[in-house]
Amino acid sequence: MDIAHFIFGIFGNAFGLFLFLAPIITFKRIIVKKSTEKFSGVPYIMTLLNCLLSSWYGLPFVSPHNILVTIINGTGAVIEIIYVFIFILYAPKKEKLKISGLFAFVITVFAAVVFISLFALHGNSRKVFCGFAAAIFSIIMYGSPLSIMRLVVKTKSVEFMPFFLSLFVFLCGTSWFIYGVLGRDPFIAVPNGVGSFLGTLQLILYLIYRGNKGNNAKTTTEEESMEMGTAKPMGEEELKGDTSKDTC
């Protein structure tokens, strides 16, 4: 059981790292154009908060035997901070203020969780408190593609839902779900079970509409054209190979 638990944790780390690195192409585009265009920075902020809370939850004095959770989410937090700073650097003034404010909010929430868990809670109560906080934002992160899934059904096109992104959402969620089940940890199993389910739905939608890429999607609104802030702005040529989006 311990070996299987460790193996699925390693799988989760590998698939999670892919998800965190996937937006690199999007940010390369932002740097080259020196503009965030119509991309949204909010998903990166929310993913950052999830990573910070999950990495804290995985620490031995909060949740024993979950150090692999801390490793991948700590890595993800560093990556997301870089994304957020790049976004703030190239965003227009109004968006810059918005994302900066949300970044301050994220740091405040994380600091509050750390402070409360260290000085007001001990033992299992500390684990439950931090576990609930991490699970809630993991579900929010996994739930973010719901709008793009609605877009796929509406347009009958998978133009804005890259296959490999959907695949690794499924693989990452499934790996951490099994890891949580084997470790009898509902705070890991439940949110990642949700992620695995949503990843499965994305793959099913892809199979149904895979032959309709780009047929109708350009008639949608700019807001609908964003998946985790990574889909191209409406009316522009799709950037080949852009497969951007917690993990875990």
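This structure is a prediction, so every number in the text was calculated from the model and none was measured.

Caption draft 1: Just the pattern of salt bridges, in detail. Throughout the structure, instances matching the rule amount to two salt bridges. In this structure, lysine 33 and glutamate 37 form a salt bridge, with 3.5 Å as the shortest nitrogen-oxygen distance. Linked through salt bridges whose partners overlap, the residues forming this network are Arg29, Lys33 and Glu37.

Caption draft 2: Summary view of helix α6 (residues 123–143). With 21 residues, α6 extends 30 Å between its outermost C-alpha atoms, agreeing within 8% with the 30 Å of an ideal straight helix rising 1.5 Å per residue. Residues of α6 that are buried: Arg126, Cys130, Gly131, Ala133, Ala134, Ala135, Phe137, Ser138, Met141, Tyr142 and Gly143. Summarising the contacts, the buried residues of α6 are in contact with α3 (42–57), α5 (93–119), α7 (146–155), α8 (163–182) and α9 (186–209).

Caption draft 3: Structural view of the nonpolar core. Residues Phe27, Leu53, Tyr57, Val84, Phe87 and Trp176 are the most contacted members of the largest nonpolar core, which totals 47 residues. Listed by contribution, the elements that provide at least two residues to this core are α1 (2–21), α2 (24–33), α3, α4 (67–90), α5, α6, α8 and α9. Top contributing element to this core by residue count: α4, with ten residues. Sequence-distant contacts of tyrosine 57, that is, excluding residues within four places in its chain, are made with Val62, Ser63, Asn66, Lys127, Cys130, Gly131, Ala134, Asp185, Phe187 and Ile188. Core analysis: the next-biggest nonpolar cluster, separate from the first, contains nine residues, Leu151, Val158, Met161 and Leu205 among them.

Caption draft 4: Here's a closer look at a nonpolar patch on the surface. On the surface, Ile3, Phe6, Ile7, Ile10 and Phe11 cluster together into a nonpolar patch covering about 480 Å² of accessible area. By secondary structure assignment, the location of isoleucine 7 is in helix α1. Under the relative-accessibility criterion, isoleucine 7 is labelled partly exposed at 37%.

Caption draft 5: Examining the environment of lysine 34 more closely. One can find lysine 34 in the loop between α2 and α3. Lysine 34 sits in the exposed class, given a relative accessible area of 60%.

Caption draft 6: Region of interest: the side chain of serine 138. Examined against the element boundaries, serine 138 turns out to sit in helix α6. Of the residues examined, serine 138 reaches a relative accessible area of 3% and is grouped as buried. A distance of 2.6 Å separates polar atoms of two side chains, one belonging to serine 138 and the other to asparagine 50.

Caption draft 7: Inspection of the packing of α4 against α5 at higher detail. Relative orientation of the contacting elements α4 and α5 amounts to 150 degrees, with a least axis distance of 8 Å. Relative to α5, the element α4 is oriented roughly antiparallel. The element α4 and its partner α5 pack so that their crossing is left-handed. Two secondary-structure elements touch here, α4 through Val84, Phe85, Phe87, Ile88, Leu89 and Tyr90 and α5 through Glu95, Lys96, Ile99, Ser100 and Phe103. Grouping the amino acids of the contact of α4 with α5 by side-chain chemistry returns eight nonpolar, one polar and two charged.

Caption draft 8: Region of interest: the packing of α3 against α4. It is the contact of α3 with α4, at a shortest axis distance of 8 Å, that shows an interaxial angle of 150 degrees. Taken together, the axes of α3 and α4 lie roughly antiparallel to each other. Like other packed secondary-structure pairs, α3 and α4 cross with a definite hand, here left-handed. Where α3 approaches α4, its residues Tyr44, Ile45, Thr47, Leu48, Asn50, Cys51, Leu52, Ser54 and Ser55 are matched on the opposing element by Val69, Thr70, Asn73, Gly74, Gly76, Ala77, Glu80, Ile81, Tyr83 and Val84. Across the contact of α3 with α4, the residue classes break down as ten nonpolar, eight polar and one charged.

Rules used in this analysis
Residues numbered from 1 in each chain as written. Predicted model: local features only at pLDDT ≥ 70, side-chain atom pairs only at ≥ 80, totals over all residues. Heavy atoms only, no water. Salt bridge = Lys/Arg side-chain N within 4 Å of Asp/Glu carboxyl O. Helix = DSSP H or I, 4+ residues; strand = E, 2+ residues; numbered from the N terminus. Expected span 1.5 Å × (residues − 1). Buried < 20%, exposed > 50% of the residue type's maximum accessible area, 1.4 Å probe, protein only. Contact = heavy atoms within 4.5 Å. Core = buried A, V, L, I, M, F, W, Y, C linked by side-chain atoms within 4.5 Å. Patch = residues over 30% accessible without salt bridge, like charges linked within 9 Å, V, L, I, M, F, W, Y side chains within 5 Å. Areas by Shrake-Rupley, 256 points an atom, 1.4 Å probe, with all protein chains shown as cover. Polar contact = N/O pair within 3.5 Å; in protein donor to acceptor, adjacent residues only side chain to side chain. Axes fitted to C-alpha atoms, helices over the stretch in contact; angles between N-to-C directions. Parallel < 35°, antiparallel > 145°, perpendicular 65-115°, else oblique. Left-handed = near helix turned anticlockwise from the far one by under 90°. Nonpolar A, V, L, I, M, F, W, Y, C, P; charged D, E, K, R; others polar.

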